[in-house]
Amino acid sequence: MREINAVITGIGGYVPEDILTNEDISKMVDTTDEWIMTRVGIKERRILRGEGRGTSYMGIRAVKQLLEKTNVSPEEIEVVLTATTTPDHHFPTTSSIIAYQTGCKNAMTFDMQGACAGFLYALETGANYIRSGRYKKVIVVAGDKMTAITDYTDRSTCPLFGDGCGAVLLEPTEENVGVMDAILRTNGTGYSHLIMKSGGSAYPPTHETVDKHEHFVFQDGRYVFKYAVSYMSDVAEEIAKRNGLTRDDIAWIVPHQANLRIIDAIAKRLEVSEDKVMINIQKYGNTSAGTIPLCLWEWENKLKKGDNLILAAFGAGFTWGALYLKWGYDGAKA
Ligand code: ACO
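Rules of the game
Residues numbered from 1 in each chain as written. Predicted model: local features only at pLDDT ≥ 70, side-chain atom pairs only at ≥ 80, totals over all residues. Heavy atoms only, no water. Pairing = 2+ DSSP bridges. Helix = DSSP H or I, 4+ residues; strand = E, 2+ residues; numbered from the N terminus. Axes fitted to C-alpha atoms, helices over the stretch in contact; angles between N-to-C directions. Contact = heavy atoms within 4.5 Å. Near = heavy atom within 4 Å. Polar contact = N/O pair within 3.5 Å; in protein donor to acceptor, adjacent residues only side chain to side chain. Areas by Shrake-Rupley, 256 points an atom, 1.4 Å probe, with all protein chains shown as cover. Parallel < 35°, antiparallel > 145°, perpendicular 65-115°, else oblique. Left-handed = near helix turned anticlockwise from the far one by under 90°. Nonpolar A, V, L, I, M, F, W, Y, C, P; charged D, E, K, R; others polar.

Quick question: what am I supposed to make of the sheet that holds strand β13 (residues 319–326) here?
Strand pairing in a sheet takes place through backbone hydrogen bonds and is either antiparallel or parallel in direction. If you trace the four strands from one edge of the open sheet to the other, you get β8-β13-β12-β11, paired in mixed fashion. Single-partner strands in this sheet number two, and they are β8 (178–186) and β11 (252–255). Here the average twist between neighbouring strands, direction ignored, is 15 degrees. Together, β8, β12 (308–315) and β13 form the strand contacts of helix α5 (residues 118–131), whose direction differs from that of β8 by roughly 130 degrees. Strand contacts of helix α10 (residues 291–299): β11 and β12, with the helix running at about 140 degrees to β11, the strand carrying the most contacts.

Shown next, in the form of structure tokens:
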């Protein structure tokens, strides 16, 4: 029997229409467009407005687009798995809302949380369902409404985040394409350096936790930056090496979009020129689990069957990883 692998056969995406510019942010906190552009590389980000709209609002739209593009009926979908740090609620799961609203009524659904590395964790998990041979159509959704947990009085974090969501369809293949390899890591040393402290079972919400702004992202930026650069570059290099990929073999690097300086460092380590790196941080900011699928969504029409892609991400935990993807179709025809 030939080995079954999982391949991405389509991609959908959604970003909200409302734009929050650096000028808007400089009216809220003591910062400038120049500081944000030179230290981070973000010009603007999307913000999901509207009462009661959570991550599912964006996920539903990304999945509807995916189903339309791939011409797949929602009833054929067997798994809907969502990677998010900003679920609509503690429960029910965001996946269950997305599946219900998109008509995926025969799917098992669950959420995963791998912070900014969430898409890589979820993609490898979804791929394993396909590789098991028991599932033929798996949707992996990944995205966040980061503005819901962003403190717009904290200048060190509020310029960084935006809202957005992507979704991919995974199907079986016996061809030499798909999710070829993954290195996924965790190291708890990041625990207190990148955290939303309260609102969970350790520190349930109280008036005091609200007053102390503990329901927002706290980040020790300098500490996180150091690890993001070294850990992400290490795994990206390791996965390229162990799959025998030289810089000429790599068509695209798809890095998590947290800071342009981190992205540049990874490209430098892999000795890949800037025109082979997907970068859209300037217009969307850090959408956490959404950054990598939103890059794939935007670059889809440039992707060709057989292209070698290295995906790399780093987030709270710390969790991080790199994934080697051999693209499965000509994106220009999608
Ligand atoms: N405007 C102006 N000045 C600012 C701002 C701002 N928005 N924010 C911070 N500063 C000041 C600081 O107060 C500090 O001033 P000081 O030297 O007088 O104390 C100075 O700028 C430098 O601050 P740093 O925090 O050292 O700034 P840095 O260059 O490290 O940039 C940043 C901060 C952008 C957060 C960077 O550290 C970073 O990108 N970190 C990693 C982010 C990341 O990868 N996160 C993981 C994924 S996110 C997730 O999982 C949810």
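Before we go on, may I ask you to explain the sheet that holds strand β4 (residues 79–83) in this structure?
On the basis of which strands lie adjacent, the open sheet formed by five strands has the order β1-β7-β6-β4-β5 and mixed pairing. Across the chains shown, the open sheet's two edge strands, defined by having one partner strand only, are β1 (5–14) and β5 (108–112). This sheet shows a mean twist of 20 degrees between the axes of neighbouring strands, independent of strand direction.

Just checking my understanding: could you explain the site of the ligand for this structure?
Lining the immediate surroundings of the ligand are 26 residues, of which Thr 31, Arg 39, Cys 116, Arg 222 and Asn 259 lie closest. Thr 31 places a polar side-chain atom, nitrogen or oxygen, 2.6 Å from a nitrogen atom of the ligand. Arg 261 has a polar side-chain atom sitting 3.1 Å from an oxygen atom of the ligand. Surface burial for the ligand is 77%, taken as the share of its 1,000 Å² of free accessible area covered by protein chains. Elements that contribute at least two residues to the shell around the ligand include exactly α2 (33–39), α7 (221–242), α8 (260–269) and β12. At five residues, α7 tops the list of elements feeding residues into the shell around the ligand.

So what exactly am I meant to see when it comes to the packing of helix α3 (residues 55–70) against helix α4 (residues 94–102) here?
Helix packing geometry: the angle between the two helix axes and the distance between the axes. At a minimum axis separation of 9 Å, α3 and α4 run at an interaxial angle of 45 degrees. On the basis of the axis angle, α3 is oblique to α4. Remark: the crossing between α3 and α4 carries right-handed chirality. Seen from α3, the contacting residues are Thr 55, Ser 56, Gly 59, Ile 60, Val 63, Lys 64 and Leu 67; seen from α4, they are Thr 94, Ile 97, Ile 98, Gln 101 and Thr 102. Looking at the contact of α3 with α4 residue by residue, the classes come out as five nonpolar, six polar and one charged.

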